Number of protein chains: 4
Amino acid sequence: MSEPKPPAETSPLKEMLHEVIFEADTTVGRWFDLIVMAAIVASVLAVCLESVRSIREAYGEELHVLEWVITIMFTVEYAVRLFAVRRPWRYVWSFYGVIDLMALLPTYLSLVFAGTQSLLVVRAFRLLRIFRILKLTQYIGEARLLKAALLASSRKITVFLGVVLTCVLIAGAMMYLIEGEENGFTSIPRSIYWAIVTMTTVGYGDIAPHTVLGQFVASIVMILGYGVIAVPTGIVTVAMSDAFKKSTNTQACPACGAGNHADDARFCKYCGDKL
Amino acid sequence: MSEPKPPAETSPLKEMLHEVIFEADTTVGRWFDLIVMAAIVASVLAVCLESVRSIREAYGEELHVLEWVITIMFTVEYAVRLFAVRRPWRYVWSFYGVIDLMALLPTYLSLVFAGTQSLLVVRAFRLLRIFRILKLTQYIGEARLLKAALLASSRKITVFLGVVLTCVLIAGAMMYLIEGEENGFTSIPRSIYWAIVTMTTVGYGDIAPHTVLGQFVASIVMILGYGVIAVPTGIVTVAMSDAFKKSTNTQACPACGAGNHADDARFCKYCGDKL
Amino acid sequence: MSEPKPPAETSPLKEMLHEVIFEADTTVGRWFDLIVMAAIVASVLAVCLESVRSIREAYGEELHVLEWVITIMFTVEYAVRLFAVRRPWRYVWSFYGVIDLMALLPTYLSLVFAGTQSLLVVRAFRLLRIFRILKLTQYIGEARLLKAALLASSRKITVFLGVVLTCVLIAGAMMYLIEGEENGFTSIPRSIYWAIVTMTTVGYGDIAPHTVLGQFVASIVMILGYGVIAVPTGIVTVAMSDAFKKSTNTQACPACGAGNHADDARFCKYCGDKL
Amino acid sequence: MSEPKPPAETSPLKEMLHEVIFEADTTVGRWFDLIVMAAIVASVLAVCLESVRSIREAYGEELHVLEWVITIMFTVEYAVRLFAVRRPWRYVWSFYGVIDLMALLPTYLSLVFAGTQSLLVVRAFRLLRIFRILKLTQYIGEARLLKAALLASSRKITVFLGVVLTCVLIAGAMMYLIEGEENGFTSIPRSIYWAIVTMTTVGYGDIAPHTVLGQFVASIVMILGYGVIAVPTGIVTVAMSDAFKKSTNTQACPACGAGNHADDARFCKYCGDKL
């Protein structure tokens, strides 16, 4: 996979295109972003609406045209990106490069495999392109903090998920034995599905305990699920509180330049100098 | 839209009316507020009860009379407000001015469009008038803090909502493919509706997965929805913690400049100097 | 309501009985508490089991005997309390005095109104007696803190409840108009009931939207209910954090004896003396 | 129950086996752990899949063979552990020793009681063996903190659970009286089951109120359950915040004695002295 085009001196056209496509701080760049975003939303809406039988029958033709207009737009965009970017291969194999390609392929492939429905999922990936717009600077800081807080508590959340899955497995096996096949608990996997539905407090009611003992066990699972939600909430709240606190105090030490001081700090905790 | 009546020197009558209507710190003003509030509650209750067939058939006449009594009360109140206020046009186009007008119009319009049911919604706006009573000073501080905390975390909540909507869209599209029309997932919008019902842990059970793969995906959506609620909770808790902390005390020590004192502090907790 | 028996010099018998009944720090007093508690649990269980038809038919006689044994026990206890307490009238009209009386009356009244079922509720009040056992000192501190935290945030919770009720009222009225009587939304009160079921994420599914617009509004109500739970959680968490923080630092100022200092306080915030 | 083999000087074989089985910090030890873990997951999956009728009919033979392979593996492991450990009796009666034995017995017992299904539950205990892998050092710290936070708030949670159970009992008794047997509330225990389903916001819908008064009481139970979840969340969040804070740093400044320093602090933030 050798890079076919080494980063030569960039032409002015390339530079201009790069600015329009990859940066959001010029007027043209912002308009470009908004148009791409509108096209993404339109195409996602089209996919959704096309799945409704009555709309498909009435406006199938129009949606088909819209589909192709947007696909050609995205194809042009993809080609221009490929041209404007310095290292095309790196872009092609990057996260957004793959998504960009996946936004084009389904429509073209539909010519080959006419009438295939299973490409619908792939089209849904177009929505992932919408996240690009999040590059708007002001949102990045927030998202980064949220992500940092979740990462910081990922081990605790893993332990928590392990506990939940164990509870759900044991509760499912117990209910399979207690309720049995005649009450809808036809297998352990199905009982585990019921336990998840119950413990997460979703409660469809498609499977529900009928015996007294089953209702007793179900009650315990419910109260467990009701109370246990406090654990991840506590974990995430504490992690966020820490992550935000770190980011709020922006005071830097005049002596060593270190930041990240506590709110009530009077001396730099790294060099001991007065703040 | 020139102001027809410039703020002339206010007459004593106007001043008195202004005090009664707009201020809650005189006895008459408080009584006025309580009567308006009772009328609002009565009219909302009347709208609700009138929608019950058996009550409508038995007490339709009485409810109709009550409706007109309250409407005339509100009309008089609106006219007096219009007279007492300094800049009538500003009031007419203000938030509460529009609501006050909307509380009158439906009943009058019902004379024109006799038997129209769709004005019921507009009548529900009368309930918004009930918030006026929140002007009682002690509640304002609390509501303002809540609002400040929500505003401070609005960007984070927007990012969070975007993530939830993306999850729901992808889960909906997947379930449409997996379960198909024969299991109730007749279109992607309907599948998205199911995904929202599931992820928010509401779980009506009107649409529920029947295939093993569908139940597996549903389980993931449930656990996601169950755990993800921790994120907005964490965001709002941290924002409130900050908002309340800030509001509790902004006093700084005159000797050492340290802040973050308790509400009942009389001496600086760091240097012992009088605050 | 003059007090018939003024607090005379207490007899040794009275004093001993007072110690056994009202205090939990002697061996006899603790045994007395445990026996009363067991009788309460037994009587509550008996009420529950008696409502099951098959058990009532098989063990009705035994439950009837148990009922009378416990009632006579409670009658004796009530009489002894009335005798041992200094101001009997004050006890009779106190919270626990009323509950103690309500634990006796239903059984006696059942002789008069034979076969009355509606006294069952009153019997449930016996459960309130179980809280007495919470007088065990170690639990009081915790319950008091919880209560203090809830009281401190009661105004914020009132504002929050007002917002929820307004949302539920407007959503209910909208759904009544959108879905109409043919889809189960037969009246506004019933639609409000649906809105509460949905917004609290309970989701029975006995009433569910069938129109596309109705499902859209329902989705908004769900997401609102899903996210809005963060608000009371934030309020209570912050209030608890404050309530517990205040209680954790038990340091008292050596000069003025005042407590309730911050963790990082070095000088008393009331008198400025070194801690 | 005398110990048959007193801790003699350990043979090199014993020592080597001990290292492989009980320690995860050598390559062989880590591989041993991974293989045991895979066997546990495989056996749990086999138990689940065997309960599905279609799979049992198609692959019953293969699952039976797998069952015996894993059981023999676990038997060998158990025997080796018994040989390698210093105090075999202590291991046999320890928590993990009992679980290890319970992971073997069901399969052997199934030879005696052929076709018994009720041993399935016991097999589920195999899952508890999966927690052993949590011995991996990095996870222990997290789990210990979570456990400490939950233990620290156990009394508050007990008080909270007591309040919830009382609410559920009173609501159940009320609904039994209001709705009665004709609406599915056939007994108080069943009504309590409904109240738990409702208050925990699970909401199956298998039992739902039909009378207006019943729906009103149900609405109150729902709003109560919706809001009350804030209480354990608040409790656990505060407890975790404290537990994590305590664990981060217990260092005190040698000059001024102030604590509460950040993890990366090298100088006291109050007096600027070296920590």
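Just so we're clear, the structure is a prediction, and the values are computed from it rather than from any experiment. (Residues numbered from 1 in each chain as written. Chains lettered and ligands numbered in written order. Predicted model: local features only at pLDDT ≥ 70, side-chain atom pairs only at ≥ 80, totals over all residues. Heavy atoms only, no water.)

K.L.:
Would you explain the overall build of chain A in this entry?
P.N.:
What chain A contains, in helices and strands, is 11 helices and 0 strands. Scored against the burial criterion, the 275 residues of chain A give a buried share of 44%. Summarising the internal contacts of chain A: among those between residues at least 6 apart in sequence, 54% fall at separations of at least 24. Of the accessible surface of chain A, which amounts to about 13800 Å², a share of 68% is contributed by carbon and sulfur atoms. (Helix = DSSP H or I, 4+ residues; strand = E, 2+ residues; numbered from the N terminus. Buried < 20%, exposed > 50% of the residue type's maximum accessible area, 1.4 Å probe, protein only. Contact = heavy atoms within 4.5 Å. Areas by Shrake-Rupley, 256 points an atom, 1.4 Å probe, with all protein chains shown as cover.)

K.L.:
Even after reading the chapter, I still don't get the packing of aromatic side chains, so can you show me in this structure?
P.N.:
Within a pair of aromatic rings, the relevant descriptors are the distance that separates the centres and the angle that separates the planes. Counted by the stated rule, this structure contains 12 aromatic pairs over all chains. Centre to centre, the rings of Trp89 of chain B and Trp93 of chain B are 6.4 Å apart; their planes meet at 15 degrees, and the pair counts as stacked. Placement of the pair is Trp89 of chain B and Trp93 of chain B together in helix α4 (residues 88-93), with a separation of 4 residues, close to one helical turn. With relative accessibility at 32%, the residue Trp89 of chain B sits in the partly exposed group. With 6.0 Å between their ring centres and 45 degrees between their planes, Tyr78 of chain C and Tyr91 of chain C make a pair best called tilted. Of this pair, Tyr78 of chain C sits in helix α3 (residues 53-84) while Tyr91 of chain C sits in helix α4 (residues 88-92); the two residues are 13 residues apart in sequence, bridging distant segments of the chain. Residue Tyr78 of chain C is classed as buried on the basis of its relative accessible area of 11%. (Phe/Tyr/Trp six-rings, centres within 6.5 Å; stacked < 30°, edge-to-face > 60°.)

K.L.:
Honestly, the interface of chain D and chain C in this entry has me stumped. Any pointers?
P.N.:
Accessible area lost when the parts come together is the quantity often used to give the size of an interface. Residue-level contacts link 42 residues of chain D with 46 residues of chain C. Overall, the association of chain D and chain C removes approximately 3900 Å² of surface from exposure, summing both partners, and the carbon and sulfur fraction of that is 74%. When the buried surface of chain D facing chain C is broken down by residue, Arg155, Met222 and Tyr226 of chain D rank first, second and third, together holding 18% of it. Applying the counting criterion to the chain D and chain C interface returns 1 salt bridge. Its salt-bridge partner being Arg53 of chain C, residue Glu181 of chain D comes within 2.8 Å of it at the nearest N-O pair. (Buried area = accessible area lost by both parts, 1.4 Å probe. Salt bridge = Lys/Arg side-chain N within 4 Å of Asp/Glu carboxyl O.)

K.L.:
Whenever I open this one, the pattern of salt bridges confuses me. Can you help?
P.N.:
Side chains that differ in charge, positive against negative, can pair when their charged atoms come close. Residues and elements named next belong to chain D. Under the defined criterion, the tally for this structure stands at 8 salt bridges over all chains. Between Arg81 and Glu77 there is a salt bridge, and its shortest N-O distance comes to 2.7 Å. With a gap of 4 residues between them, Arg81 and Glu77 both fall in helix α3 (residues 53-84), about one helical turn apart. For Arg81, a relative accessible area of 4% puts it in the buried group. On the basis of relative accessibility, which here comes to 6%, the residue Glu77 falls in the buried class.

K.L.:
Before we go on, may I ask you to explain the relation of the copies chain D and chain C in this structure?
P.N.:
Related by rotation about an axis and a shift along that axis, the two copies of the chain form a pair. Once chain D is rotated about the relating axis by 90 degrees and shifted along it by 0.0 Å, it coincides with chain C to within an RMSD of 0.1 Å. Each copy turns onto its partner about a four-fold axis. The share of interface residues of chain D whose copies in chain C are also at the interface is only 17%, consistent with the copies meeting through different surfaces. (Least-squares fit on C-alpha atoms with pLDDT ≥ 70 in both.)

K.L.:
Would you mind showing me how to read helix α9 (residues 188-199) of chain A here?
P.N.:
Because an α-helix packs 3.6 residues into every turn, residues spaced three or four apart end up facing the same way. All names here are of chain A. Compared with an ideal rise of 1.5 Å per residue, which puts 12 residues at 16 Å, α9 spans 16 Å between its outermost C-alpha atoms and is within 8% of the ideal. For α9, a buried count of 10 out of 12 residues is recorded, marking the element as mostly surrounded by other parts of the structure. Thr201 sits one or two positions beyond α9 and adopts a positive phi of about 60 degrees. (Expected span 1.5 Å × (residues − 1).)

K.L.:
Hey, could you run me through the environment of Glu179 of chain D in this one?
P.N.:
Residues and elements named next belong to chain D. Summarising the element assignment, Glu179 is placed in helix α10 (residues 154-179). Given a relative accessible area of 1%, Glu179 falls into the buried group. Residues Glu179 and Ala208, spaced 29 residues apart in sequence, show a C-alpha to C-alpha distance of 9.5 Å. One polar contact links Glu179 to Thr211, side chain to side chain, over a distance of 2.6 Å. (Polar contact = N/O pair within 3.5 Å; in protein donor to acceptor, adjacent residues only side chain to side chain.)

K.L.:
Sorry, what's going on with the UniProt feature "transmembrane region" (unreviewed entry) in chain A here?
P.N.:
Residues and elements named next belong to chain A. Per the UniProt record, "transmembrane region" (unreviewed entry) is annotated on residues 31-52, 64-84, 157-178 and 216-239. Taken end to end, residues 31-52 is 91% helix and 0% strand, and its two terminal C-alpha atoms sit 32 Å from one another. Helix makes up 100% of residues 64-84 and strand 0%, whereas the separation of the span's terminal C-alpha atoms amounts to 30 Å. (UniProt positions renumbered as here; feature names shortened; annotations may be inferred.)

K.L.:
What should I look at first to understand the confidence of the model for chain A in this one?
P.N.:
Detailed reading of the predicted coordinates is not advisable wherever pLDDT is low. Residue and element names in this part refer to chain A. Overall, the prediction assigns chain A a mean pLDDT of 75, with 72% of residues at 70 or greater. Ranking the elements of chain A by mean pLDDT puts helix α6 (residues 120-124) last with 53 and α9 first with 91. Below a pLDDT of 50 lies the segment residues 1-8, which in the model reaches 7 contacts outside its immediate sequence neighbourhood of four places, other chains included. (pLDDT = per-residue confidence, 0-100.)

K.L.:
Just to check I follow, could you spell out the environment of Val228 of chain B for this structure?
P.N.:
Residues and elements named next belong to chain B. Relative to the helices and strands, Val228 is located in helix α11 (residues 212-228). We classify Val228 as partly exposed; its relative accessible area is 21%. As for Val228 and Ala152, which are separated by 76 residues in sequence, their C-alpha atoms are 20 Å apart.

K.L.:
What am I meant to see in α10 of chain D here?
P.N.:
Spanning 26 residues, α10 of chain D covers 36 Å between terminal C-alpha atoms, matching the ideal 38 Å at 1.5 Å per step. Trailing α10 of chain D by a residue or two, Gly180 of chain D shows a phi angle of about 80 degrees, which is positive.

K.L.:
Explanation requested: a nonpolar patch on the surface in the structure shown.
P.N.:
Residue and element names in this part refer to chain A. A contiguous nonpolar surface patch, about 580 Å² in accessible area, is contributed by Trp31, Leu34, Ile35, Val65, Val69 and Met73. Only α2 (27-50) and α3 (53-84) provide two or more residues apiece to the nonpolar patch. Looking at the element boundaries, Leu34 is found in helix α2. (Patch = residues over 30% accessible without salt bridge, like charges linked within 9 Å, V, L, I, M, F, W, Y side chains within 5 Å.)

K.L.:
Honestly, the packing of helix α10 (residues 188-199) of chain B against α11 of chain B in this entry has me stumped. Any pointers?
P.N.:
When two helices pack together, their arrangement is captured by the angle between the axes and the distance separating the axes. Residue and element names in this part refer to chain B. Contact geometry of α10 with α11 gives a least axis separation of 8 Å together with a crossing angle of 50 degrees. Put simply, α10 runs oblique to α11. Between α10 and α11, the contacting residues are Trp194, Ala195, Thr198 and Met199 on the first element and Ala218, Val221, Met222, Leu224 and Gly225 on the second. When the residues that make up the contact of α10 with α11 are grouped by side-chain class, the tally is 7 nonpolar, 2 polar and no charged. (Axes fitted to C-alpha atoms, helices over the stretch in contact; angles between N-to-C directions. Parallel < 35°, antiparallel > 145°, perpendicular 65-115°, else oblique. Nonpolar A, V, L, I, M, F, W, Y, C, P; charged D, E, K, R; others polar.)

K.L.:
For this particular structure, what's the right way to read the state of the cysteines?
P.N.:
Working definition of a disulfide: a covalent bond connecting the sulfur atoms of two cysteines. Tallying each qualifying case throughout the model produces 0 disulfides over all chains. For the unlinked cysteine Cys48 of chain B, the closest cysteine sulfur is that of Cys167 of chain C, found at 15 Å. (Disulfide = S-S within 2.5 Å.)

K.L.:
Would you mind showing me how to read the side chain of Thr200 of chain C here?
P.N.:
Mapped onto the elements, Thr200 of chain C comes out in the loop between α9 (188-199) and α10 (212-228). A relative accessible area of 4% means that Thr200 of chain C is categorised as buried. Within the structure, Thr200 of chain C has its side chain in polar contact with the backbone oxygen of Ile196 of chain C (distance 2.7 Å). Aside from chain neighbours lying at most four places away, what touches Thr200 of chain C is Thr201, Met222, Ile223 and Tyr226 of chain D.

K.L.:
What exactly am I supposed to notice about the side chain of Thr71 of chain A here?
P.N.:
Mapped onto the elements of the fold, Thr71 of chain A is located in helix α3. Side-chain polar atoms of Thr71 of chain A contact the backbone oxygen of Glu67 of chain A, separated by 2.7 Å.

K.L.:
Looking at this structure, I do not really get the environment of Ile35 of chain B. What am I missing?
P.N.:
Residues and elements named next belong to chain B. Secondary-structure assignment places Ile35 in helix α2 (residues 27-50). For Ile35, a relative accessible area of 47% corresponds to the partly exposed category. Considered as a pair, Ile35 and Pro189 are 154 residues apart in the sequence and their alpha carbons are 47 Å apart.

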